[in-house]
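Descriptive structure summary
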Amino acid sequence: MGRIGELAALVAELRDGEGPGETAIPGLYLSRYTATSAPRHTVDRAVLCVVAQGAKCVLVNDARYVYDPETYLVLSLDLPLLGQIVEATPERPCLGVAVELDFAEIGALIVEAELPPSDPRSERGVFKSPLDAELLDAVIRYVGLLRRPAEIAVLAPLVRREIFYRLLLGEQSGLLRRMRAGSGQVQRIAAGLEWLKRNATRPIRMEELAREVNMSPSTMHAWFKAVTHMSPLQFQKQLRLQEARRILMSEPADAATASQRVGYESPSQFSREYRRLFGVPPLRDVGRLRAG
């Protein structure tokens with residue numbers, strides 16, 4: 001069966017519902033999908049993703065990442081993205097593990113291990129790497145603790161720490177290593193992302209954002225694009241449209257009201273950009289989602 005088969009058996013045993021589910025270990029999620037899916041828009045958290053069986057795909061703006069049992073994916077920033085299940089059947093479901101990243105703990109590990117400076121070429125906010133035996137072993141032991149609840153409080157923090165350490169040793173861990181470098185460009189971009197989230201519904205000038213992150217507008221724009229695969233304005237637009245979609249789904253609001261609440265002055269511009277992102281006009285999209 002092999003070690004990846006062992007992980008698949010664990011997830012199949014411990015996750016009997018469809019989709020992702022929380023576990024008794026905070027920040028550890030198991031997922032099961034019995035069918036492929038259309039691309040789904042979301043704003044995902046910083047997380048390590050491992051597929052034990054099947055395959056998934058993530059699209060961040062114009063960058064596409066397909067990962068399977070031979071690879072793992074790291075989202076090291078909270079980014080708007082498209083997620084899709086690309087290989088799954090009822091007989092052989094897609095089985096996955098997700099571990100939330102704790103950057104305070106990662107930062108402490110960087111200092112303690114005295115890790116060397118990262119390669120600037122590897123500082124993407126999303127990266128895919130081969131799943132090596134050491135990281136796979138740690139993930140198996142982490143998930144296996146769910147079988148022994150009495151051991152979780154003592155052992156889960158130790159195994160999670162090992163998982164983070166293995167990630168830092170990976171060939172594309174550059175951005176993870178810089179997330180806690182006090183004056184680093186990557187940390188400034190991370191701060192810029194948080195600032196944009198807090199101010200997503202109001203007009204933003206790039207000079208204002210550049211001042212917030214203490215960078216020149218041209219440098220800020222270049223680093224933002226390199227780390228996130230999108231410009232600041234594209235990031236803000238996706239946040240706005242995601243929030244408008246949430247409003248339309250969960251509240252008795254029409255498209256004009258939703259567009260105004262997320263910062264659009266022109267309902268027609270909102271409808272055009274909504275259709276460009278989600279494929280159909282707002283109300284038709286919401287009707288399709290509710291029917292689904």
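Residues numbered from 1 in each chain as written. Predicted model: local features only at pLDDT ≥ 70, side-chain atom pairs only at ≥ 80, totals over all residues. Heavy atoms only, no water.

A short note on the overall build of the protein
- Scanning the protein for helices and strands turns up twelve helices and ten strands.
- Relative to the 2.2 N^0.38 estimate, which gives 19 Å for 292 residues, the radius of gyration of the protein is 20 Å and therefore close to what a compact globule would have.
- Looking at the 292 residues of the protein, the share that counts as buried comes to 50%.
- When contacts within the protein are restricted to residue pairs at least 6 apart in sequence, long-range pairs at least 24 apart make up 71% of them.
- Accessible surface computed for the protein: about 14,000 Å², of which carbon and sulfur atoms make up 51%.
- The distance from the centre of the 38 positive side-chain charges to the centre of the 35 negative ones in the protein is 6 Å. (Helix = DSSP H or I, 4+ residues; strand = E, 2+ residues; numbered from the N terminus. Rg over C-alpha atoms; globule rule 2.2 N^0.38 Å. Buried < 20%, exposed > 50% of the residue type's maximum accessible area, 1.4 Å probe, protein only. Contact = heavy atoms within 4.5 Å. Areas by Shrake-Rupley, 256 points an atom, 1.4 Å probe, with all protein chains shown as cover. Lys, Arg positive; Asp, Glu negative; His and termini not counted. Charge placed at Lys NZ, Arg CZ, Asp CG, Glu CD.)

Remarks on the sheet that holds strand β2 (residues 28-33)
- Read from one edge to the other, the open sheet built from six strands follows the order β1-β2-β9-β4-β7-β10, with strand pairing classed as antiparallel. Where the open sheet ends on each side, the last strands, each with one partner, are β1 (19-22) and β10 (126-130). Strand-to-strand, the axes of this sheet are offset by a mean angle of 20 degrees, without reference to chain direction.
- Bridging between strand β7 (residues 71-75) and β10 involves five bridges; their strand directions are antiparallel. Its bridge partner lying in β10, L75 is registered against V126. (Pairing = 2+ DSSP bridges. Axes fitted to C-alpha atoms, helices over the stretch in contact; angles between N-to-C directions.)

Thoughts on the layout of surface pockets
- Put simply, the largest pocket is a space of about 810 Å³.
- What lines the largest pocket is a set of 34 residues, among which Y33, R40, T42, G83 and I85 lie closest to the centre.
- Counting residues per element, the ones that place at least two in the lining of the largest pocket are β2, β3 (40-44), β4 (47-53), β5 (55-60), β8 (79-87), β9 (94-100) and α12 (282-291).
- Residue composition of the lining of the largest pocket, grouped by class: 21 nonpolar, seven polar and six charged.
- Counted as a void, the second largest pocket has a volume near 260 Å³. (1 Å grid on protein atoms, 1.4 Å probe; cavity = no way out; pocket = protein on both sides within 12 Å on 5 of 7 lines; lining within 4 Å. Points joined across faces, edges and corners; volume = space filled by probe spheres on them. Nonpolar A, V, L, I, M, F, W, Y, C, P; charged D, E, K, R; others polar.)

A short note on helix α4 (residues 152-168)
- End to end, α4 covers 23 Å across 17 residues, agreeing with the expected 24 Å (1.5 Å per residue, within 8%).
- Within the sequence span of α4, burial applies to I152, A156, V159, R160, I163, F164, L167 and L168. (Expected span 1.5 Å × (residues − 1).)

What to know about the packing of aromatic side chains
- Under the counting rule described, the total for this entry stands at five aromatic pairs.
- With centroids separated by 6.5 Å and ring planes inclined at 75 degrees, the aromatic side chains of Y72 and F127 adopt a geometry described as edge-to-face. In this pair, Y72 sits in strand β7 while F127 sits in strand β10, placing the two residues 55 residues apart along the sequence.
- Among the residues examined, F127 registers a relative accessible area of 1% and is labelled buried.
- When the centroid spacing of 5.4 Å and the interplanar angle of 65 degrees are considered together, the rings of Y264 and F270 count as edge-to-face. Comparing Y264 with F270, the two get one shared label, buried.
- An aromatic cluster is defined as three or more aromatic residues linked by ring pairs; in this entry it consists of Y264, F270, Y274 and F278.
- The ring of Y264 carries the charged tip of R240 above its face, separated from the ring centre by 5.6 Å. (Phe/Tyr/Trp six-rings, centres within 6.5 Å; stacked < 30°, edge-to-face > 60°. Lys NZ or Arg CZ within 6 Å of the ring centre and 35° of its normal.)

Focus: the environment of S231
- Summarising the element assignment, S231 is placed in the loop between α8 (217-228) and α9 (232-250).
- Note on S231: relative accessible area 12%, which makes it buried.
- Spatially, the C-alpha atoms of S231 and E114 are 33 Å apart, while their sequence positions differ by 117 residues.
- For S231, the residues in contact, after removing those within four places along its chain, are H221, F224 and K225.

Quick word on the confidence of the model for the protein
- The predicted model of the protein averages 86 in pLDDT, with 91% of residues at 70 or higher.
- Within the protein, helix α3 (residues 133-144) carries the highest mean pLDDT (97), whereas helix α5 (residues 174-178) carries the lowest (66). (pLDDT = per-residue confidence, 0-100.)

Let's talk about the nonpolar core
- Membership of the largest hydrophobic core comes to 41 residues, with the highest contact counts inside it found for L7, V97 and L101.
- Membership of the second largest hydrophobic core comes to 38 residues, among which are Y33, L81, F224 and L239. (Core = buried A, V, L, I, M, F, W, Y, C linked by side-chain atoms within 4.5 Å.)

Details of the pairing of β2
- Burial analysis of β2 places six of its six residues in the buried class, the great majority of the element.
- Neither face of β2 is exposed, since L28, L30 and R32 on one face and Y29, S31 and Y33 on the opposite face are all buried.
- Relative to β2, β1 runs antiparallel, the two being bridged by four bridges. Note on β2: the bridge partner recorded for G19 is R32.
- Linking β1 back to β2 in an antiparallel pair, the connection comprises five residues, with G27 at a positive phi of about 85 degrees.
- As defined by bridge partners, β2 adjoins β9 across six bridges and the pair is classed as antiparallel.

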